[in-house]
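Spelled out from the first residue to the last, the chains are:
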Amino acid sequence: MFEVLSGSSVNFTWNAVTAAQSFDLRYRVDGTTDWVSVSPIANRVQVDDLESCTFYQYQLRTNCLDESTEWTDIGNFLTSECGPCLDLEYCQPTDVLSTDEEWIAE
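Model, not experiment: these values are computed from the prediction. Positions within a chain are numbered from 1, following the residues in the order the chain's sequence is written. Side-chain atom pairs in this predicted model are given and counted only at pLDDT of 80 or more, local residue features only at pLDDT of at least 70, and totals for whole chains, interfaces and linings cover all residues. No hydrogens and no water enter the side-chain calculation; it runs on all heavy atoms of the structure.

Remarks on the sheet that holds strand 5 (residues 44-47)
In step 1: Strands pair, by our definition, only if DSSP identifies at least two bridges between them. Helix and strand labels come from DSSP, where a helix needs a run of H or I of at least four residues and a strand needs a run of E of at least two; each type is numbered from the N terminus. Strand order across the open sheet formed by 3 strands is 1-2-5, with antiparallel pairing between neighbours. Bordering the open sheet on either side are strand 1 (2-4) and strand 5, each of which pairs with just one other strand. Neighbour to neighbour, the strand axes of the sheet diverge by 15° on average, direction disregarded.
In step 2: In the sheet, strand 2 (residues 10-13) pairs with strand 5 via 4 bridges, with the strands oriented antiparallel. Across the sheet, the residue bridging to Phe12 is Val45, located in strand 5. In this description, a line fitted to the C-alpha atoms serves as the axis of each element, helices being fitted only across the stretch in contact, and the angle between N-to-C directions of two axes falls anywhere from 0 to 180 degrees.

Rendered as structure tokens:
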């Protein structure tokens, strides 16, 4: 549903709905109560000007002719630029019960 593009941008996409006139997407910093809303017409939107290395929550709903669906369950994402321990992808060991792949040179 979302792709973190940078520390300050996230791209949201979702399935198209034939009867939809528009959509409402809202997001907020995790732990706060103030939502920021955007109303894209298509089933995608890029949100910019976010805080880097910050946990966010989001919800989506569909607007049809005279009514809107309920908000989806709250989803979560973390913007990037947190440093290499969180931003870089590391390989996962194939056998988590074995220490055969562990080795420290110094």
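Once you've had a look at it, read on.
Concerning the pattern of salt bridges
In step 1: When a carboxyl oxygen of Asp or Glu lies within 4 Å of a side-chain nitrogen of Lys or Arg, that pair is called a salt bridge. Under the defined criterion, the tally for this structure stands at 1 salt bridge.
In step 2: A salt bridge links Arg61 to Asp24, with the nearest nitrogen and oxygen atoms 2.9 Å apart. Taken as a pair, Arg61 in strand 6 (residues 55-63) and Asp24 in strand 3 (residues 22-29) lie far apart in primary sequence, 37 residues in all.
In step 3: Relative accessible area decides the class of each residue, using a 1.4 Å probe on protein chains only: under 20% of the type maximum gives buried, over 50% gives exposed, and in between gives partly exposed. Owing to a relative accessible area of 12%, Asp24 belongs among the buried residues under this scheme.

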